[in-house]
Amino acid sequence: MVVITSAVDSVLDIISGGVLFISSRASVPTRDERYRYPMGKRRVETLGVLVFATIMGTFALLLIYQSVQVLIAGGTQADFSFYPRIILLFTIALKFFLLIICRLVAGQSVSAAAYADDHRNDVLTNCAGFVAAYLASTDESLWYLDPAASILLAGYILVNWTISASEQIRLLIGEAAPEILRDRLTLLAAHCDPRVTAVDFLQAWTVGSRFYVEIHLVLPADMTLRDAHDIGDALERKIERSEDIERAYVHLDADFAHSNILVVDQDVMKSQLH
């Protein structure tokens, strides 16, 4: 059972990499699709991960069910002959090799860092499964170690992908951006032009794997439309150059409509409030 569980996990891991690659490519709209999908296609990548997490969870539950049935019915000495050993050892070696590769490029890719942690955990769990299967095959009284190890490994897969699915659901719903990102955007908006009076409102939220940003800038009431537009347009372009920002909306105000996030000019604020 533990060999089957390990093999299924390894095969699905490889498929998951392909799914993530395809969905990542599909999330970037072509020139012809920009008008068909005006809000972008970033949710495709998140949706692909969510669908695959559901498939992985289903397989894990099925393996747990079958292993529990074996434990209840009672079993015989596990068959851990030459070919099952080779399969499991090859899986461990492959995972270890992928771990090294992902560690080498982890500094350049967040996905690679996440995969490195996943491969490290897979190496540890597969080593434990190998030991359990070997003991179960050498001693008939330890037959239960094989299905028990399969349950533990499948449980780990289930928990891991359930956590991943919950993260993707939050990204699809539109979770607020981390405070450190909002603070960085607030400071960027406040200092984008010396004529900015205040940052009256700022919010950032997830749209798939990236963020949408809405900012309200307070500008002097006597500023020309051209100057105000240039300030807002330049800020939008500057924010959207960030890799984690999908779209930025800058609204220009002449007074204070919200509780101020960051005031740039205290004297101007007091004069407008009074």
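That block above? That's the structure.
Residues numbered from 1 in each chain as written. Predicted model: local features only at pLDDT ≥ 70, side-chain atom pairs only at ≥ 80, totals over all residues. Heavy atoms only, no water.

*Asks:* Could you clarify how one ought to interpret the side chain of Gln168 in this entry?
*Replies:* Mapped onto the elements, Gln168 comes out in helix H5 (residues 145-173). Once residues within four sequence positions are removed from consideration, Gln168 is found in contact with Thr46, Val49 and Leu50. (Helix = DSSP H or I, 4+ residues; strand = E, 2+ residues; numbered from the N terminus. Contact = heavy atoms within 4.5 Å.)

*Asks:* What should I look at first to understand helix H3 (residues 82-105) in this one?
*Replies:* An α-helix turns once per 3.6 residues; consequently, residues spaced three or four apart project the same way. Taking 1.5 Å as the rise per residue, H3 with 24 residues should run 34 Å; its terminal C-alpha atoms sit 35 Å apart, in good agreement. Looking at H3, one finds that the buried residues are Pro84, Leu88, Thr91, Ile92, Lys95, Leu99 and Cys102. (Expected span 1.5 Å × (residues − 1). Buried < 20%, exposed > 50% of the residue type's maximum accessible area, 1.4 Å probe, protein only.)

*Asks:* Is there a simple way to think about the nonpolar core in this case?
*Replies:* In globular proteins that are soluble, nonpolar side chains generally tend to be buried together. Counting residues in hydrophobic clusters, the biggest one holds 23 residues, and the most contacted among them are Val213, Ile215, Leu217, Leu235 and Ile239. Within the residue set of this core, elements represented by two or more residues are helix H6 (179-190), strand E1 (198-207), strand E2 (210-218), helix H7 (225-240) and strand E3 (245-253). Once residues lying within four places of it in the same chain are set aside, the contact partners of Ile215 are Ala189, Val199, Phe201, Leu202, Leu235, Ile239, Tyr249, Val250 and His251. Membership of the second largest hydrophobic core comes to nine residues, among which are Phe52, Ala60, Trp161 and Ala165. (Core = buried A, V, L, I, M, F, W, Y, C linked by side-chain atoms within 4.5 Å.)

*Asks:* I'm lost on the packing of aromatic side chains in this one. Help?
*Replies:* What describes a pair of aromatic rings is the distance from one ring centre to the other and the angle between the planes of the rings. With the rule as written, the count across this model stands at two aromatic pairs. With a centroid separation of 6.2 Å and 50° between ring planes, the pair formed by Tyr212 and Tyr249 is classed as tilted. With Tyr212 in strand E2 and Tyr249 in strand E3, this residue pair connects regions lying 37 residues apart in the sequence. A relative accessible area of 2% places Tyr212 in the buried class. Put simply, the rings of Trp205, Tyr212 and Tyr249 pair up and form one aromatic cluster. (Phe/Tyr/Trp six-rings, centres within 6.5 Å; stacked < 30°, edge-to-face > 60°.)

*Asks:* What exactly am I supposed to notice about the pattern of salt bridges here?
*Replies:* Side chains that differ in charge, positive against negative, can pair when their charged atoms come close. Under the counting rule described, the total for this entry stands at six salt bridges. Here Arg195 and Asp193 are joined by a salt bridge, their closest N and O atoms 2.9 Å apart. By relative accessible area, Asp193 is classed as buried at 14%. Across the salt bridge formed by Arg195 and Asp227, the nearest N and O atoms sit 3.8 Å from each other. Taken together, the residues span a long stretch of sequence, with Arg195 in the loop between H6 and E1 and Asp227 in helix H7 at a distance of 32 residues. A residue is classified by how much of its surface remains accessible, and Arg195, at 39% relative accessible area, is partly exposed. Relative accessible area serves as the criterion here: at 29%, Asp227 is assigned to the partly exposed category. Members of the salt-bridge network, linked through shared partners, are Asp193, Arg195 and Asp227. (Salt bridge = Lys/Arg side-chain N within 4 Å of Asp/Glu carboxyl O.)

What is shown is where atoms sit, not what they do.
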